[in-house]
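Here's the letter readout for the chains.
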Amino acid sequence: MVVRGAAAGARKDTAMSMARDEGVLEAAVSALRHDWTLDEVRQLFALPFMDLILAAQRVHRLHHVPNAVQMSTLLSIKTGGCPEDCAYCPQSVHYQTGLGREALMEVAAVRECAARARAAGATRFCMGAAYRSPKARDLEVIVEMIREVRALGLESCATLGMLSPEQALQLKDAGLDYYNHNLDSSAEFYGEIVKSRTYQQRLDTLAAVRAAGLKVCCGGIIGMGESPADRAQLLRTLANLPEHPESVPINRLVKVPGTPLADAPEVDAFDFVRTCAVARLLMPRAHVRLSAGRSSMSDELQALCFLAGANSIFYGDKLLTTGNPDVARDRALFERLGLTPLKP
Ligand code: SAM
Ligand code: DTB
Ligand code: SF4
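The notes below deal with the structure included here. (Residues numbered from 1 in each chain as written. Chains lettered and ligands numbered in written order. Predicted model: local features only at pLDDT ≥ 70, side-chain atom pairs only at ≥ 80, totals over all residues. Heavy atoms only, no water.)

## Observations concerning the overall build of the protein chain
A count of helices and strands for the protein chain gives 12 helices and 10 strands. Its C-alpha radius of gyration of 21 Å places the protein chain within 12% of the 20 Å reference for a compact globule of 344 residues. Residue burial in the protein chain is summarised as follows: out of 344 residues, 55% are buried. For the protein chain, long-range pairs separated by at least 24 residues make up 73% of all intrachain contacts whose partners lie at least 6 apart in sequence. (Helix = DSSP H or I, 4+ residues; strand = E, 2+ residues; numbered from the N terminus. Rg over C-alpha atoms; globule rule 2.2 N^0.38 Å. Buried < 20%, exposed > 50% of the residue type's maximum accessible area, 1.4 Å probe, protein only. Contact = heavy atoms within 4.5 Å.)

Set out below in structure tokens:
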């Protein structure tokens, strides 16, 4: 009797949790929303892994070309010597990582790198600078770089730190397509990682970028010691922006010796995949980028991320200052999985 009672109770519990799971899944699949509660997002993270991945793949196929992956190449146009203190970053002056301060690259050299990236198969070229915010005279040079990249027929992206509304407009006028500016983590956890600027300043730049008519590339980093609630809050904040970012990079922390996060605890691989899946569910039309950290991921883990809805990568042997899988490895991975580069 006791056993029967327990079995009936378990069935009731299972039925209740299935109904709750279906409720939250239906909410995820049915509409583009900007009003996610933390509890709802945490429920998505808590779904059985298979249910979450299946739902993410279903949503993925409603909005994206299956088996196609957007390919961006990164170039550090101004490396090192950054005055900010982001605890993850090898380019901060606050940490001894062996990186020196370099000057802004010449326009012709950037053009050459962009042409090489295009020849290798990239369709977007992203220029990164170790700035807190760009100075007027540097921005004039960067405007020239953007024109050259666009003239090669590549989409252009830049990540230069904080922007004023006027600077965002200047970049838009130059023909810039995307601006990358990450929230990195939850508002609550951010202060433990970055002390030299505020979360609100990040949000203000994102608003200026949007108001200028640029496409927004905004995501975060997993593996900095943040809690599951912080991951849920990050994705919730991104999804509840007035418009979803067009591109959402999910970086797995690259642990760089000399930074305060060099010994951060390893992220559970399935938790990382879950983060990609929840990003896909919350922002159905966004390109979710499997971003930094791929060098230390197996092909199988990357395949799971693609199955969970990631459909963009950084392509090329280097990120900004750290390594990325080389082109040959990515070509072999695409071949093994039947993936093709997405045409813009
Ligand atoms: N200085 C600009 C800024 O911070 O916005 C642009 C360049 S910054 C390197 C761009 C982004 O790279 C950061 O916001 C962060 O999300 C990511 N990033 C930097 N170091 C990283 C690391 N070690 N692992 C993973 N992502 C990292
Ligand atoms: C993003 O989200 N990740 C990229 C890009 N946007 C600019 C940067 C990753 C940097 C990883 C550490 C490095 O190579 O310096
Ligand atoms: Fe500077 Fe950007 Fe690195 Fe922060 S993440 S230290 S702002 S280059």
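Having seen it, we continue.
## Examining the site of ligand 1
Neighbouring residues of ligand 1: 15 residues in total, closest Y88, N182, D184, R202 and V254. Note that a nitrogen atom of ligand 1 is positioned 3.2 Å from one of the backbone N or O atoms of A129. Between R202 and ligand 1, the recorded distance is 3.0 Å, taken from a side-chain N or O atom to an oxygen atom. Summarising the interface, the protein chains cover 91% of the accessible area of ligand 1, which totals 540 Å² for the free molecule. In terms of residue class, the shell around ligand 1 is built from eight nonpolar, five polar and two charged. (Near = heavy atom within 4 Å. Polar contact = N/O pair within 3.5 Å; in protein donor to acceptor, adjacent residues only side chain to side chain. Areas by Shrake-Rupley, 256 points an atom, 1.4 Å probe, with all protein chains shown as cover. Nonpolar A, V, L, I, M, F, W, Y, C, P; charged D, E, K, R; others polar.)

## Quick look at the side chain of T259
Inspection of the secondary structure puts T259 in the loop between β7 (247-252) and α10 (269-282). Residue classification places T259 among the buried residues on the basis of a relative accessible area of 6%.

## Some thoughts on the nonpolar core
In this structure, I77, Y88, F125 and L160 are the most contacted members of the largest nonpolar core, which totals 98 residues. For F125, the residues in contact, after removing those within four places along its chain, are T73, L75, V110, C113, A114, A117, V149, L154, E155, S156 and C157. Counting seven residues, the second-largest nonpolar core is a separate cluster that includes L74, C126, A292 and L319. (Core = buried A, V, L, I, M, F, W, Y, C linked by side-chain atoms within 4.5 Å.)

## Some remarks on the side chain of D330
Mapped onto the elements of the fold, D330 is located in helix α12 (residues 327-337). Among the polar contacts listed, one links the side chain of D330 to the side chain of R294, at a separation of 2.8 Å. Every residue in contact with D330, bar those within four places of it in the chain, is listed here: R294, I313, F314, Y315 and P325.

## As for the packing of helix α9 (residues 228-239) against α10
Each pair of packed helices can be summarised by the angle the axes make with each other and by the distance between the axes. For the pair α9 and α10, interaxial distance at closest approach is 10 Å and the crossing angle is 20°. Judged on the interaxial angle alone, α10 and α9 are roughly parallel. Like other packed secondary-structure pairs, α9 and α10 cross with a definite hand, here right-handed. Of the residues in α10, those in contact with R231, L235, R236 and A239 of α9 are D271, T275, V278, A279 and L282. By residue class, the composition of the contact of α9 with α10 is five nonpolar, one polar and three charged. (Axes fitted to C-alpha atoms, helices over the stretch in contact; angles between N-to-C directions. Parallel < 35°, antiparallel > 145°, perpendicular 65-115°, else oblique. Left-handed = near helix turned anticlockwise from the far one by under 90°.)

## Some thoughts on the site of ligand 2
Ligand 2 sits among 13 residues. The nearest are N182, N251, L320, T321 and T322. In this structure, an oxygen atom belonging to ligand 2 sits 3.0 Å away from a main-chain N or O atom of L320. In the complex, the protein chains occlude 89% of the 410 Å² of accessible area that ligand 2 would expose alone. Grouping the constituent residues of the shell around ligand 2 by class yields six nonpolar, seven polar and no charged.

## Some remarks on unusual backbone geometry
One can expect most non-glycine residues to show negative phi and most peptide bonds to be in trans. Positive phi values are uncommon outside glycine, yet N67 reaches one of about 70°. Considering the arrangement of structural elements, one finds N67 in the loop between α3 (49-63) and β1 (68-78). Positive phi, close to 70°, is recorded for D184, a residue that is not glycine. Relative to the elements of secondary structure, D184 occurs in the loop between β4 (178-180) and α7 (187-193).

## Quick notes on the pattern of salt bridges
If you walk through the whole model with that rule in mind, you get 16 salt bridges. The closest approach of N and O atoms between R150 and D177, which form a salt bridge, is 3.5 Å. Remark: D177 occurs in the loop between α6 (165-173) and β4 and R150 occurs in helix α5 (residues 136-151); sequence separation between them is 27 residues. The residue K255 makes a salt bridge to E266 at a minimum N-O spacing of 2.8 Å. Residue K255 is found in the loop between β7 and α10, and its partner E266 is found in the loop between β7 and α10; the two are separated by 11 residues along the sequence. Assessed through its relative accessible area of 30%, K255 is described here as partly exposed. (Salt bridge = Lys/Arg side-chain N within 4 Å of Asp/Glu carboxyl O.)

So far we have only geometry, and geometry alone does not tell us how the molecule works.
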